[in-house]
Amino acid sequence: MSHSTTRLTVAQALVRFLAAQYTERDGVRHRLIAGTWGIFGHGNVAGVGQALVEAGEDVMPFHQGRNEQAMVHAAVGYARQRDRLSTQAVTTSIGPGATNLVTGAALATINRLPVLLLPGDYFATHSADPLLQQLEHPVEADVSVNDTLRPVSRYFDRITRPEALIPSALNAMRVLTDPAETGAVTLALPQDVQTEAYDWPEEFFAERVWRVRRPAPDPAELAEAVRAVRAAERPLIVAGGGVHHSGAEDALKAFADATGIPVASTQAGKGSLRHDHPADLGGIGHTGTAVSDDLARTADLVLGVGTRYTDFTTASGTLFQHPDVRFLNLNITAFDAHKLAATTLVCDARAGLTALTEALAGHRVAAGYEDEYRAGKERWERMVEAAYRADDDSAVPTQTQVLGALDAVVGDDDVVINAAGSLPGDLHKLWRARSPRQYHLEYGYSCMGYEIPAAIGVQQAAPDTPVWALVGDGTYLMMPTEIVTAVQEGLPVNMVLIQNHGYASIGGLSESVGAERFGTAYRYRAADGTFTGAPLPVDLAANAGSLGMEVLRAKTVGELRQALRAARASDRPTCVYVETDVERAAPAAPPAEAWWDVPVAEVASREAAVTARERYDREVAARRHHL
């Protein structure tokens, strides 16, 4: 029996293969690789570049990036908005183009978000050796700079022969679509192999549907979980990003409605319940709300749903202080489910919550417990109102007043994106999430520079949705490059650019740990050599305008409100530039409600560090090992 073949280059075959891959969950089909981002150099222009030209936009849409790391961020933003059911590929040359992928790959893998990376590599034949940008290793000839992607990839292969692409490509799709395994996937492509021809079996290009599983809970684990919930007097749900990835928001609401168990959320899980649901307590942990953290300290059962329990969530192991506290973790990955010596429920979040709701029929927490957390929720809401309030329209706004003004403008389906600086803490405490996708915080890697390219990816995934990138001046200076891409593609992303003259978040942290804000302000050097002179005369708004954005400058609260409304109504990329008042003490975000472990110098001669260490020793004494 003969099988038909098609003669194509490796790169042509890969593009054709990727165009035929689909996911399916709950009977709905999605294209897996919706497009390819690329910056071309000698390591991919004649291979993947030529293949994309030959395939055409109908087969594989192409997006031109300006920075390789930013292209990964855009693909990650796209994948998150599409519930991990669809993502994008990123192609680069060899050398710096490839190593620029590492930060984006780490972000994707840490956040459990799929992205396909296709960096060029050295000649597999070593016929031109060393070639431009090749790393030479004196004792390992098969090492290349792409090996830096191994520890940050969930799957990695170097395609040194054409036929090796077939099993590797299939494995890559398997990992991208596996909710328990997904992250960055890297197929390193030697530039000579990219252009090599091979007779490919037609079956390789057949349409494939990768079904995204919803594994149900094991009956024995479910029974044990039910016993744990029934025995608890003060249970608390910690909702993580897995709730969103599973599309389990309605199942979580049904569970909370039926049982009365309150819900606190991680950065990734915020929005799992709408902010005005009676059981929604807002963020938890170091940047959490007072009501969430107070309940966490007295909870006798913590039900973690789709969370990794980072140090911000657990307050570095100091938050959960009930002497008999136990953990019940519902997670699709056994690795995360077993954290904190928990009772495990290894399954899909939606399937697990639905099963728990049915098995706990008739069970509800005590009325007094509900009254307690609802009263705490009301008290916190008054703190939010105070932080947002701006009675004087002629005043320079504080950062929390910026958030209050934005809160008054956005609709239920707007997406607000942030990743780093002082904004994540303010947003986690204060933002009123109105829909599952509105609150888009990348806090697994907290990568400065994520916001603008991620906004582009989200806008591609949701073309009719207003998208806001909230950016401080420090983050803006890290990576403003993709503004050009947004302009080129006609994507009407909105950027709120907050000028506070330095690394405000790290400045505050520096002060708290005895480092005295050293090296955190954007200022001229003073006579003593420190950066304590006048603020630098940079004009970031002019820079954004020079890259093609419409720029609206807001100097007062009133002007800010007007600019935000105009930006939301605009059909082009728009920047709202505001310089915040960092001197006024109020209104400001409430202080941290729980600790975060940043070790302080054990010996020092400066008073600030000595005092900080004394405070550190008191706080660290509260750490627990949950066994």
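Rules and cut-offs
Residues numbered from 1 in each chain as written. Predicted model: local features only at pLDDT ≥ 70, side-chain atom pairs only at ≥ 80, totals over all residues. Heavy atoms only, no water. Phe/Tyr/Trp six-rings, centres within 6.5 Å; stacked < 30°, edge-to-face > 60°. Helix = DSSP H or I, 4+ residues; strand = E, 2+ residues; numbered from the N terminus. Buried < 20%, exposed > 50% of the residue type's maximum accessible area, 1.4 Å probe, protein only. Pairing = 2+ DSSP bridges. Axes fitted to C-alpha atoms, helices over the stretch in contact; angles between N-to-C directions. Contact = heavy atoms within 4.5 Å. Core = buried A, V, L, I, M, F, W, Y, C linked by side-chain atoms within 4.5 Å. Salt bridge = Lys/Arg side-chain N within 4 Å of Asp/Glu carboxyl O.

1. Quick notes on the packing of aromatic side chains
1) Next: Counted according to the given criterion, the structure contains eleven aromatic pairs.
2) Next: Ring plane angle 85° and centroid distance 6.1 Å describe the contact between Tyr309 and Phe327, whose orientation is recorded as edge-to-face. Of this pair, Tyr309 sits in the loop between strand S15 (301-305) and helix H12 (311-314) while Phe327 is found in strand S16 (residues 326-331), placing the two residues 18 residues apart along the sequence. Across the pair, Phe327 and Tyr309 agree in class, each one buried.
3) Next: Ring plane angle 70° and centroid distance 5.2 Å describe the contact between Phe312 and Tyr443, whose orientation is recorded as edge-to-face.

2. Digging into the sheet that holds strand S14 (residues 280-283)
1) Next: A sheet is described by the order of its strands in space; here six strands give the open sequence S14-S13-S12-S15-S16-S17, paired in parallel fashion. Edge positions in the open sheet fall to S14 and strand S17 (343-346), since each of these has one partner strand only. Pairwise comparison of adjacent strand axes, ignoring direction, gives a mean angle of 20° for this sheet.
2) Next: Pairing between S15 and S16: five bridges, direction parallel. Bridged to Gly304 within S16 is Asn329.
3) Next: Sheet strands touched by helix H10 (residues 249-259): strand S12 (235-239), strand S13 (263-265) and S15. Its angle to S12, the strand with the most contacts, is close to 170°.

3. Some words on the nonpolar core
1) Next: Core analysis: the biggest nonpolar cluster contains 81 residues, and Leu356, Trp431, Trp468, Leu470 and Leu564 have the highest contact counts within it.
2) Next: Per-element accounting of this core gives the leading share, six residues, to helix H15 (residues 367-388).
3) Next: Trp431 has contacts with Lys270, Tyr388, Leu403, Leu406, Asp407, Val410, Val416, Asp426, Gln438 and Tyr439, leaving out every residue within four places of it along the chain.
4) Next: Of all hydrophobic cores here, the second largest spans 47 residues; its members include Ala74, Val152, Leu497 and Tyr577.

4. So, the sheet that holds strand S21 (residues 494-499)
1) Next: Strand order in this open sheet of six strands is S19-S18-S20-S21-S23-S22, and the pairing throughout is parallel. For this open sheet the edge positions go to strand S19 (439-441) and strand S22 (550-554), each flanked by a neighbour on one side alone. Between one strand axis and the next, the sheet turns through 20° on average, direction left out of account.
2) Next: Relative to strand S20 (residues 467-472), strand S18 (residues 415-418) runs parallel, the two being bridged by three bridges. Counterpart to Ile417 in the pairing with S20 is Ala469.
3) Next: Along the sheet face, helix H16 (residues 399-409) touches S18, S20, S21 and strand S23 (574-579) and points at about 175° away from the line of S20.

5. Let's talk about the pattern of salt bridges
1) Next: Scanning the entire structure with this criterion turns up 37 salt bridges.
2) Next: Residue Arg29 is joined to Glu24 by a salt bridge in which the shortest nitrogen-to-oxygen separation is 3.9 Å.
3) Next: The shortest N-O distance in the salt bridge between Asp257 and Lys253 comes to 2.9 Å. Of this pair, Asp257 and Lys253 both sit in helix H10, separated by four residues, roughly a single helical turn.
4) Next: The exposure class assigned to Lys253 is partly exposed, which follows from its relative accessible area of 38%.

Purely geometric numbers; function is a separate question.
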